[in-house]
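Structure at a glance
Okay, here's what each chain looks like letter by letter:
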Amino acid sequence: MSEATERPGLHVLYVRFGEHAEEDRPELLGLLSGFTPVVQALPPDAALADVRGALRYFDRDAPGLARLVRIRALALYGTDCTIGVAANPLLARMAAHCGPPGTVRVIRPEETAAFLAGKPVAALHGVGPATARTLCAYGLDTVGRLAGASPATLQRVLGATAGRRLYERARGIDPTTVVPRAPTPSAGSEYRFDRDELDPDQRRRALLTLADELGFRMRTDGQVARALTLTVRYADRSATTRHRTLAEPTAHTPALTATAYALHDALGLQRARVRAVSLRAEELTPAELATCQLSFDPRAEKARRAEAAADRARLRFGAAAAHPASLFDAA
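Residues numbered from 1 in each chain as written. Predicted model: local features only at pLDDT ≥ 70, side-chain atom pairs only at ≥ 80, totals over all residues. Heavy atoms only, no water.

Once that is clear, we can look at the overall build of the protein chain. The secondary structure content of the protein chain amounts to 12 helices and 10 strands. Sequence separation of 24 or more characterises 68% of the internal contacts of the protein chain that already satisfy a separation of 6 or more. Put simply, the protein chain shows about 17000 Å² of open surface, and 52% of that area lies on carbon and sulfur atoms. (Helix = DSSP H or I, 4+ residues; strand = E, 2+ residues; numbered from the N terminus. Contact = heavy atoms within 4.5 Å. Areas by Shrake-Rupley, 256 points an atom, 1.4 Å probe, with all protein chains shown as cover.)

In structure tokens, the structure reads:
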């Protein structure tokens, strides 16, 4: 019997490309598509792949395919992926996030209960801070204790649908499938400091520069973004990435700037030595197809008219013709 047929339960890969692979993301998704057409992009830096149909073709089991994906990504693009391998997307995702970076972590069906037992409830995908606090208040602070609770108890605490869903997830049950879809369009920009930057005001100034550049680019192209991703790179070459869905699709520079500031401030950077910051506008869509909340605030309408006038001046006379006074000279 070949390796490909020994463990048919393992067929889902969760691939984290890493925080330094933003520019190569389309190529890395193409690399995955060379193994299986069932690839689902997960912005900003990951993807799911169902390799069930590739096991016999490559004569490898799922962990073997994961190692092959990692080797090819490293050789072709210099990206050391972290890959979780499991029987469903939930476990594969948790495996990738629990293992050290640059490894293949496998969760076999018989290992599921032991793997989940000691994890905090917040480690389950879909459990946010508010739900975690509610569960901890009832003493359900680990996935093992959550799995030991009765479905009726969880439904009383969380509601019928959420309680039933978490009851299943605590036992490693995930009925969702990998849904193939093309990567959503995005646009990004990075600002590298001349020296390692300790001043938060200078970092915020850089974020304003990037938000202004992205907003102008999107408005010129007739696009709006549904989400924003901030990446902060440090002097030791590590990085932190944060992603937030916008309240509504927008290309309005003040809205982008406010979100970028909120993402930055939430990191709580005190004495961090920051080498660079980057912003990426995610899930771009044509502006005419986006729905926006009507505003009765005359100041908001005036700000948008002023922004449109500034855009016309920049298109005619160059980027220096009209811009926020606090911008850096170049991003």
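The subject of this paragraph is the packing of aromatic side chains. All told, the structure shown has 3 aromatic pairs when counted by the stated rule. Relative to Phe-58, the ring of Tyr-57 lies with its centre 5.1 Å away and its plane at 80°, an arrangement referred to as edge-to-face. Of the aromatic side chains, those joined through ring pairs into one cluster are Phe-35, Tyr-57 and Phe-58. Stacked on the ring of Tyr-261, the Lys or Arg Arg-204 has its end atom at 3.9 Å from the ring centre. Here the guanidinium or amino end of Arg-314 rests over the ring plane of Phe-216, the centre of that ring lying 4.3 Å away. (Phe/Tyr/Trp six-rings, centres within 6.5 Å; stacked < 30°, edge-to-face > 60°. Lys NZ or Arg CZ within 6 Å of the ring centre and 35° of its normal.)

Nonpolar side chains in soluble globular proteins generally cluster together in the buried interior. Core analysis: the largest hydrophobic core is formed by 31 residues, its most contacted members being Val-232, Val-274, Val-277 and Leu-279. Contributing elements (two or more residues each) for this core: strand E6 (187–197), helix H10 (200–221), strand E7 (223–234), helix H11 (253–266) and strand E9 (274–282). The element that contributes the greatest number of residues to this core is H10, accounting for 7 residues. Counting residues in hydrophobic clusters, the runner-up holds 29 residues, among them Leu-42, Leu-90, Ala-132 and Leu-146. (Core = buried A, V, L, I, M, F, W, Y, C linked by side-chain atoms within 4.5 Å. Buried < 20%, exposed > 50% of the residue type's maximum accessible area, 1.4 Å probe, protein only.)

For the rest of this paragraph, the subject is the confidence of the model for the protein chain. Averaged over every residue, the pLDDT of the protein chain is 86; residues scoring 70 or more account for 90%. Across the protein chain, strand E4 (residues 82–86) holds the top mean pLDDT of 96, while helix H12 (residues 298–317) sits lowest at 79. Scored below 50 in pLDDT, residues 1–8 shows 11 contacts in the model against residues more than four places distant or in partner chains. (pLDDT = per-residue confidence, 0-100.)

This brings us to the pairing of strand E2 (residues 39–42). Here E2 shows two buried faces, one formed by Val-39 and Ala-41 and the other by Gln-40 and Leu-42. In this sheet, strand E3 (residues 46–50) lies alongside E2 in antiparallel orientation, the contact comprising 4 bridges. Note on E3: the bridge partner recorded for Gln-40 is Leu-48. (Pairing = 2+ DSSP bridges.)

Attention shifts here to unusual backbone geometry. A positive phi angle, close to 50°, is found at Asp-59, a residue other than glycine. Mapped onto the secondary structure, Asp-59 falls in the loop between helix H2 (55–58) and helix H3 (62–77). You will see that Glu-283, though not glycine, has its phi angle at about 55°, which is positive. Positionally, Glu-283 belongs in the loop between E9 and strand E10 (285–286). What makes Glu-283 partly exposed here is its relative accessible area of 30%.

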